[in-house]
Amino acid sequence: MAKTKIAVLVSGGGTNLQALIDAQGSVLSSGEIALVVSNARGAYALERAKKAGIATETVLKKECGSQEAFETRLMEILDANGIQVIILAGFMTILTERFTAHYPKRILNVHPSLIPAFCGEGFYGLKVHEEALKYGVKVTGATVHFVNEIPDGGEIIAQKAVYIEEGDTPETLQRRVMEQAEWILLPQAAEKICAALVK
Ligand code: GAR
């Protein structure tokens, strides 16, 4: 049976990409990562992809000249590779409706909080955990959702709660949310969406 072709879009360390790579053939059995695209040169995620034998591309907004040209280039690459599902895994740039409308219910994002808390424009990476600690919430977590034109506003696919512990720093909290929620939730959600597309 043909597997659903996935592209993972990254910007940095790529631990969520690694979780997806490691899940291939087990939790993630209906999809295969065909391509990893980075919007940052030298992202460690690219090394992870190369080690796993996955094709990579780097597309820099600065080199494209505009958001529109950047998104056009991304779409060209994704469509030329027959990509069916796009996973944003630490992809730190906002995509406009022009891009998201091209792949309705085909783009997933992992966000390190329980949406609708601590999300939207400006909430990414460590900043999300800084804000959760500053607010004093006792429970946070991660969310996997479909991506539409509203930042972190698409339909929720899965969520998992993580408790805040005494003495947490943004760094310790980020790590625990990754270990207890993101790395588990993202492959499971990817499988759910890919399985539905397998012919
Ligand atoms: C992850 O915690 C991910 O949820 C977050 O950035 C980190 C990337 O880590 N994404 C966002 O904040 C998106 N709004 P990774 O590169 O090691 O997967």
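Up top you'll find the structure we're talking about.
Residues numbered from 1 in each chain as written. Predicted model: local features only at pLDDT ≥ 70, side-chain atom pairs only at ≥ 80, totals over all residues. Heavy atoms only, no water.

Enquirer: A description of the site of the ligand should follow, citing residues and the corresponding values.
Expert: Taken together, 14 residues lie around the ligand, and Gly-14, Thr-15, Asn-16, Gly-125 and Glu-182 are the ones closest in. At 2.8 Å from an oxygen atom of the ligand is found a main-chain nitrogen or oxygen belonging to Gly-125. Of all the elements in the fold, those that place two or more residues in the shell around the ligand are helix H1 (15–23), strand E5 (107–111) and helix H7 (170–197). Considered class by class, the residues forming the shell around the ligand number six nonpolar, seven polar and one charged. (Near = heavy atom within 4 Å. Polar contact = N/O pair within 3.5 Å; in protein donor to acceptor, adjacent residues only side chain to side chain. Helix = DSSP H or I, 4+ residues; strand = E, 2+ residues; numbered from the N terminus. Nonpolar A, V, L, I, M, F, W, Y, C, P; charged D, E, K, R; others polar.)

Enquirer: Give me the lowdown on the side chain of His-129, citing residues and values where you can.
Expert: Following the sequence through the fold, His-129 ends up in helix H6 (residues 126–135). Owing to a relative accessible area of 1%, His-129 belongs among the buried residues under this scheme. Not counting the four nearest positions on each side in its chain, His-129 is found in contact with Pro-112, Pro-170, Leu-173, Gln-174 and Val-177. (Buried < 20%, exposed > 50% of the residue type's maximum accessible area, 1.4 Å probe, protein only. Contact = heavy atoms within 4.5 Å.)

Enquirer: If you had to explain H6 to someone new, which residues and values would you point to?
Expert: Among the residues of H6, Val-128, His-129, Glu-131 and Ala-132 are the ones counted as buried. Angular distribution of buried residues about the axis of H6 spans 160 degrees; they occupy a single face of the element. Buried residues in H6 make contact with E5 and H7. With its phi angle positive at about 90 degrees, Gly-136 sits one or two positions after the end of H6. (Arc of directions from axis to C-beta.)

Enquirer: Could you give an account of the nonpolar core, with specific residues and numbers?
Expert: In this structure, Val-8 and Leu-17 are the most contacted members of the largest nonpolar core, which totals 34 residues. Top element by residues in this core is H7. It accounts for nine residues. Beyond its immediate stretch of four places on either side in the chain, Val-8 contacts Leu-17, Leu-20, Ile-33, Leu-35, Val-36, Val-37, Ile-87 and Ala-89. If you look at the next biggest cluster of nonpolar residues, it comprises 19 residues, including Ala-7, Leu-35, Met-75 and Leu-78. (Core = buried A, V, L, I, M, F, W, Y, C linked by side-chain atoms within 4.5 Å.)

Enquirer: Report on the side chain of Ser-38, specifying residues and quantitative values.
Expert: Relative to the elements of secondary structure, Ser-38 occurs in strand E2 (residues 31–38). In this structure Ser-38 touches Val-10, Ser-11, Ala-43, Leu-46, Glu-57, Thr-58 and Val-59, once residues within four positions along its chain are discounted.

Enquirer: Can you break down the packing of H1 against H7 residue by residue, with the values?
Expert: Remark: H1 packs on H7, axes separated minimally by 9 Å, with the N-to-C direction vectors making an angle of 50 degrees. By the angle between their directions, the pair H1 and H7 is classed as oblique. Once H1 is placed against H7, the crossing between them reads as right-handed. Contacts between H1 and H7 involve Thr-15, Asn-16, Ala-19, Leu-20 and Ala-23 on the former and, on the latter, Met-178, Glu-182, Trp-183, Leu-186, Pro-187 and Ala-190. Here the residues of the contact of H1 with H7 are counted per class, giving eight nonpolar, two polar and one charged. (Axes fitted to C-alpha atoms, helices over the stretch in contact; angles between N-to-C directions. Parallel < 35°, antiparallel > 145°, perpendicular 65-115°, else oblique. Left-handed = near helix turned anticlockwise from the far one by under 90°.)

Enquirer: Kindly report on the sheet that holds strand E3 (residues 55–58), identifying the contributing residues and their values.
Expert: As summarised here, the arrangement of the seven strands in space is E3-E2-E1-E4-E5-E6-E7, forming an open sheet in which the pairing is mixed. Each end of this open sheet is capped by a strand with a single partner; those strands are E3 and strand E7 (156–163). Along the sheet, successive strands turn relative to each other by an average axial angle of 20 degrees, direction set aside. On the sheet, helix H2 (residues 44–51) packs against strand E1 (4–10), E2 and E3 and is oriented at approximately 155 degrees with respect to E3. (Pairing = 2+ DSSP bridges.)

None of the figures reported here should be taken as evidence of function without further support.
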